[in-house]
Amino acid sequence: MVLSVTLPSIPHVDIESLEHFDRLLASGATTMAGWRIQSVDLTGRTAELLGLKPTGSVFLGCGLADEADAWVRDGGGLVFPAIPELPFDAYRGRLYDADELYAGLEHGYDATPDAQIYAWSRQHDEKGDTGRTLASALHDHAIADALTELPSSRPWVGVMGGHGVLRGAADYRSAVLLGRTLARRGHVVVTGGGPGAMEAANLGASLAAYDDSVVEEVLTRLTAVPSFRPSIAAWATAGLDVRREFPGDGGVSVPTWFYGHEPPNVFASAIAKYFSNAQREDVLLSRARGGIIYLPGAAGTVQEVFQAATPNYYGDAATQIPLVLVDVDHWTTKLPVWPLLESLAADRPMSIHLVPTIDKAAELVT
C-alpha cells in the first residue's frame, strides 16, 4: 500500500522594501512563512521580528541586528548575508535605471556604478574565483526575478541590431521610428540595451507620445554626439539631457557587463543588466513573445538570431515567435544568415521573414 501525502502550499511573498514589511506587520501577520525579504535594512525592526515566527522565511542580504539574526536562524529561517566589498547589491530587489547606473557621471564615466561594476567583473574574472562567480550568479538571479515582476499585459517585441549605428545616420532614424511605431501599437519594446540600433529603438518608444517635430528635434540634438567613442560621458550626458526634457516609457533593455565596452543606453525605462551574457540572451529572447526584429548587426546579432530560431525549429505552429530580418543584402550577402534559416525552415512551421526596410518589419510582429 502506497500512502500519498499532500503537503500544504505556503504562498510566497516577495518583500523588497521596509514599507512593504511594515504593511504586513500592520495587517496582523504573526508568521513569516513564505516571506522572501530582499536587501531590506531591518536593523530598526528587531522587536517586531522577535514577535514573528521565522519558520519558512528567507532573508537575502538584509540588515539584521545580532539578536534578530539568531532568532531567524534558530527558528528555521534562512539568512543569506550580504557579501562585503562589492560595488553592487547581489540581492537587489528591482531593476536598474539610467540614473542609477550613471550616477556621478559629472565626474567622468569611470566614476559611475556601471563602470565600477564592469571594472570589478574584469578584475575578478579569474579561474577558480568562487567568490566572484557566486556574487555574479546571485546578482543575475535577483535581476531575473525582478524582470519577471514587470507587467506582461502588453506583448513584448524585441529589437536587435548593431551597436555601431551612429546617431544621425539614416538607419538610426529608422530604428527610432520603428520603436515609436511599436510602442504606439501597444507593444513593449525590449532591446539588448547598448548603443546604436538598440538605443534608437528605446528612444523611439520613449517618444511615442510626441509628434514628429519633437522626434526631429531630438535627432538633431543627439547628432552632436554621434557615438560613445571617444567619450562615453559626453554620449550619455547628451542622452540624459534629452530624456529629462522629453520623458516617456522607453520600454526595457537587457544589456550585459560581458560586453563592457558597450555602455547601456539611457532611454529604456527599466534596465536588466546581467553579468552572464548567456543568461541575459536567454531571458531577453524568451520574453519577446510578440516577435523579434533583427536590424543589421554582427556576431552578437547573429547569435541572437539562431538562439531564437532554435525553439522555433523544434516547436509547433502554436509556439512560433515571428523572427523578422531587416535588410536583404546584409542577411543574404554580407552575413548569409537567411539562406541557412530558409534551409532549416524548409519542412518546419517556422515563422521567419526577410524584409528590405525597417518600415515593413513592424507589420509582421503581433
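None of these values were measured; they are calculated from a predicted model.

### Here we look at the side chain of aspartate 140
Then comes step 1: The topology assignment puts aspartate 140 in helix H6 (residues 130-148).
Then comes step 2: The side chain of aspartate 140 is buried and forms no salt bridge, while arginine 132, the nearest opposite charge, is found at 8.0 Å.
Then comes step 3: Apart from residues no more than four positions distant in its own chain, aspartate 140 is found in contact with Tyr274, Phe275, Ser276 and Gln279.

### Section: helix H12 (residues 299-314)
Then comes step 1: Taking 1.5 Å per residue as the helical rise, H12 with its 16 residues ought to reach 22 Å, and the 23 Å between its terminal C-alpha atoms agrees with that figure.
Then comes step 2: Taken together, the buried positions of H12 are Thr301, Glu304, Val305, Ala308, Ala309 and Asn312. Taken down its axis, H12 places every buried residue within 130° of arc, on the same side. Opposite the packed face of H12, turned more than 90 degrees from it, sit the exposed residues Ala299 and Tyr314.
Then comes step 3: Buried positions along H12 lie against strand E5 (156-160), helix H11 (277-287), strand E9 (291-294), strand E10 (323-326), helix H13 (328-334) and helix H14 (337-344).

### Let's talk about the nonpolar core
One recurring pattern in soluble globular proteins is that nonpolar side chains are buried together.
Then comes step 1: Core analysis: the largest hydrophobic core is formed by 96 residues, its most contacted members being Tyr102, Leu182, Ile292, Ile293, Tyr294 and Leu295.
Then comes step 2: No other element matches helix H10 (residues 232-245), which puts seven residues into this core.
Then comes step 3: Setting aside anything within four residues of it in sequence, one finds isoleucine 293 in contact with Val157, Gly158, Val159, Met160, Leu178, Leu182, Val324, Val326, Ala361, Ala362 and Val365.
Then comes step 4: Ile15, Trp35, Leu64 and Ala68 belong to the second largest nonpolar core, which has 16 residues in total.

### Structural notes on the pairing of strand E2 (residues 35-38)
Successive residues of a regular strand alternate their side chains across the two faces of the sheet.
Then comes step 1: Sheet topology places strand E1 (residues 13-15) next to E2; three bridges connect them, and they run parallel. Across the sheet, isoleucine 15 pairs through a bridge with isoleucine 37, a residue of E2.
Then comes step 2: Handedness of the crossover is the feature at issue here: the chain leaves E1, passes through helix H1 (residues 18-26), returns alongside E2, and the resulting connection is right-handed.
Then comes step 3: Alignment of E2 against strand E3 (residues 58-60), held across three bridges, turns out to be parallel. Of the residues in E3, the one forming a bridge with isoleucine 37 is phenylalanine 59.

### Quick notes on the environment of proline 230
Then comes step 1: Relative to the elements of secondary structure, proline 230 occurs in the loop between helix H9 (212-223) and H10.
Then comes step 2: As for proline 230 and threonine 319, which are separated by 89 residues in sequence, their C-alpha atoms are 44 Å apart.

### Some thoughts on the sheet that holds strand E6 (residues 188-191)
Then comes step 1: Taking strand neighbours across the sheet as the criterion, the seven strands line up as E8-E7-E6-E5-E9-E10-E11 in an open arrangement whose pairing is parallel. Only two strands of the sheet have a single neighbouring strand rather than two, namely strand E8 (270-271) and strand E11 (352-355).
Then comes step 2: Along the sheet, H11 contacts E5, E6 and E9; its crossing angle with E5, the most-contacted strand, is approximately 130°.
Then comes step 3: Helix-sheet contacts for H14 involve E10 and E11, and the interaxial angle to E11 is about 150°.

### Quick word on the packing of aromatic side chains
In this description, a pair of aromatic rings is defined by centroid distance and the angle of the planes.
Then comes step 1: In the structure shown here, the tally under the stated rule is 11 aromatic pairs.
Then comes step 2: Centre to centre, the rings of phenylalanine 88 and tryptophan 120 are 5.0 Å apart; their planes meet at 75°, and the pair counts as edge-to-face. With a gap of 32 residues between them, phenylalanine 88 in the loop between strand E4 (78-80) and helix H4 (98-101) and tryptophan 120 in helix H5 (residues 113-123) connect regions that are remote in the sequence. Tryptophan 120 carries the same exposure label as phenylalanine 88, and that label is buried.
Then comes step 3: Between tyrosine 210 and phenylalanine 246 the ring centres are 5.7 Å apart and the planes differ by 90°, which places this aromatic pair in the edge-to-face class. Here the residue tyrosine 210 occupies a position in the loop between helix H8 (197-206) and H9, and phenylalanine 246 occupies one in the loop between H10 and strand E7 (252-253), the gap between them amounting to 36 residues.
Then comes step 4: Its relative accessible area of 9% is what places phenylalanine 246 among the buried residues.
Then comes step 5: One aromatic cluster is present, formed by Phe88, Tyr96, Trp120, Trp257 and Phe275 through successive ring pairs.
Then comes step 6: Over the ring of tyrosine 96 we find arginine 92; its NZ or CZ atom is 3.8 Å from the centre of that ring.
Then comes step 7: In this arrangement the basic side chain of arginine 287 is found over the ring face of tryptophan 156, its NZ or CZ atom lying 4.0 Å from the centre.

### Focus on the side chain of serine 121
Then comes step 1: Turning to its location among the elements, serine 121 is positioned in helix H5.
Then comes step 2: A polar contact of 2.6 Å, which involves the side chain of serine 121, links it to the backbone oxygen of tyrosine 118.
Then comes step 3: Look past the residues within four positions of serine 121 in its chain and what remains in contact with it is Arg132, Trp257 and Phe275.

Procedures and definitions
Residues numbered from 1 in each chain as written. Predicted model: local features only at pLDDT ≥ 70, side-chain atom pairs only at ≥ 80, totals over all residues. Heavy atoms only, no water. Helix = DSSP H or I, 4+ residues; strand = E, 2+ residues; numbered from the N terminus. Buried < 20%, exposed > 50% of the residue type's maximum accessible area, 1.4 Å probe, protein only. Lys, Arg positive; Asp, Glu negative; His and termini not counted. Salt bridge = Lys/Arg side-chain N within 4 Å of Asp/Glu carboxyl O. Contact = heavy atoms within 4.5 Å. Expected span 1.5 Å × (residues − 1). Arc of directions from axis to C-beta. Core = buried A, V, L, I, M, F, W, Y, C linked by side-chain atoms within 4.5 Å. Pairing = 2+ DSSP bridges. Right-handed = clockwise from strand over helix to strand, strands pointing away. Axes fitted to C-alpha atoms, helices over the stretch in contact; angles between N-to-C directions. Phe/Tyr/Trp six-rings, centres within 6.5 Å; stacked < 30°, edge-to-face > 60°. Lys NZ or Arg CZ within 6 Å of the ring centre and 35° of its normal. Polar contact = N/O pair within 3.5 Å; in protein donor to acceptor, adjacent residues only side chain to side chain.

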